[in-house]
Amino acid sequence: AAGLWTVFTLGGVGSKASAQLEQCSPLASQSLLLLLVLANLTDTPDTPNPYRQAIMSFKNTQDNTAFSSSNPHAFQINFNSLYTALCDQQKSDQATLLLYMLLHQNSNVRTYVLARTDIENLV
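Overview of the structure. These numbers come from a predicted model, not from an experiment. Think of each chain on its own: its residues are numbered from 1, step by step along the sequence as written. Side-chain atom pairs in this predicted model are given and counted only at pLDDT of 80 or more, local residue features only at pLDDT of at least 70, and totals for whole chains, interfaces and linings cover all residues. The side-chain numbers reported here are obtained from all heavy atoms of the structure, hydrogens and water having been left aside.

### Topic: the packing of helix H5 (residues 79-88) against helix H7 (residues 107-115)
- Between the N-to-C directions of two axes lies an angle of 0 to 180 degrees, each axis being a line fitted to C-alpha atoms and, for a helix, fitted only over the stretch in contact. Numbering of helices and strands starts at the N terminus; helices are DSSP runs of H or I of at least 4 residues and strands are runs of E of at least 2. At a minimum axis distance of 11 Å, the contact between H5 and H7 shows a crossing angle of 75°. Taken as axis vectors, H5 and H7 run roughly perpendicular relative to one another. Where H5 approaches H7, its residues Phe79, Asn80 and Tyr83 are matched on the opposing element by Asn108, Val109, Tyr112 and Val113.
- Throughout this entry, Asp, Glu, Lys and Arg are counted as charged residues, while Ala, Val, Leu, Ile, Met, Phe, Trp, Tyr, Cys and Pro are counted as nonpolar. The remaining residues, Gly among them, count as polar. A per-class count over the contact of H5 with H7 returns 5 nonpolar, 2 polar and no charged. Roughly parallel means an angle under 35 degrees; roughly antiparallel, over 145; roughly perpendicular, 65 to 115; everything else is oblique. Residue contacts are counted whenever heavy atoms from the two residues lie within 4.5 Å of one another.

### Considerations on the packing of aromatic side chains
- Two rings belonging to Phe, Tyr or Trp (six-membered ring only in the last case) form a pair when the distance between their centres is within 6.5 Å. Interplanar angles under 30 degrees mark stacking, angles over 60 mark edge-to-face geometry, and anything in between is tilted. Scanning the entire structure with this criterion turns up 4 aromatic pairs.
- Each member of the aromatic cluster is reached from another via a ring pair, and the members are Phe58, Phe75, Phe79, Tyr83 and Tyr112.

### With respect to the nonpolar core
- Ranked by internal contacts, the top residues of the largest apolar core, which has 23 residues, are Phe58, Phe79, Leu98, Leu102 and Leu122.
- Those elements that place two or more of their residues in this core are helix H3 (26-39), helix H4 (50-57), H5, helix H6 (93-105) and H7.
- Not counting residues up to four positions away in its chain, the partners in contact with Leu122 are Tyr83, Leu86, Cys87, Gln90, Leu99 and Val113. In these notes, a set of buried Ala, Val, Leu, Ile, Met, Phe, Trp, Tyr and Cys residues joined through side-chain atoms within 4.5 Å is what counts as a nonpolar core. Only protein chains enter the calculation, and the probe is 1.4 Å; a residue is then buried if its accessible area is under 20% of its type maximum, exposed if over 50%, and partly exposed in between.

In C-alpha cells form, the structure reads like this:
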C-alpha cells in the first residue's frame, strides 16, 4: 500500500506536461510504470500473479465493513486520496492506464468512483 501511495504522492501536479512530470519526479514515473508492468504479467493456473491479485482486491480504509486478511495480498488504501491523486494526474498516460485497470479489475474502486458526485473532475 505504501508503494502505491508513493507513486501518486511523488507524481507532481496534474497541470504540468507529461515530459515535465518525468523530469520533476522520475522515481514516481518509473515506479508507476513498474507497477503497471508487474500487474499485467500473465497469470497461470498454478501460479497466479500476486500483483494483479493485490490490484484486484484492495479495499477502502474508510469502509465500515471488517477487513478480512484471508487474501495474503489484500491491503487497504484511502480511496478519497487515491481518487484525488488520479484526478490530478490525468494528463499522464501512466495514471490513465492505472485508472483504467482499477476500474475494470477492482470492483471496490469501480463502486467508489461511480458513487462520487464529482465524477466530472475525473472525466
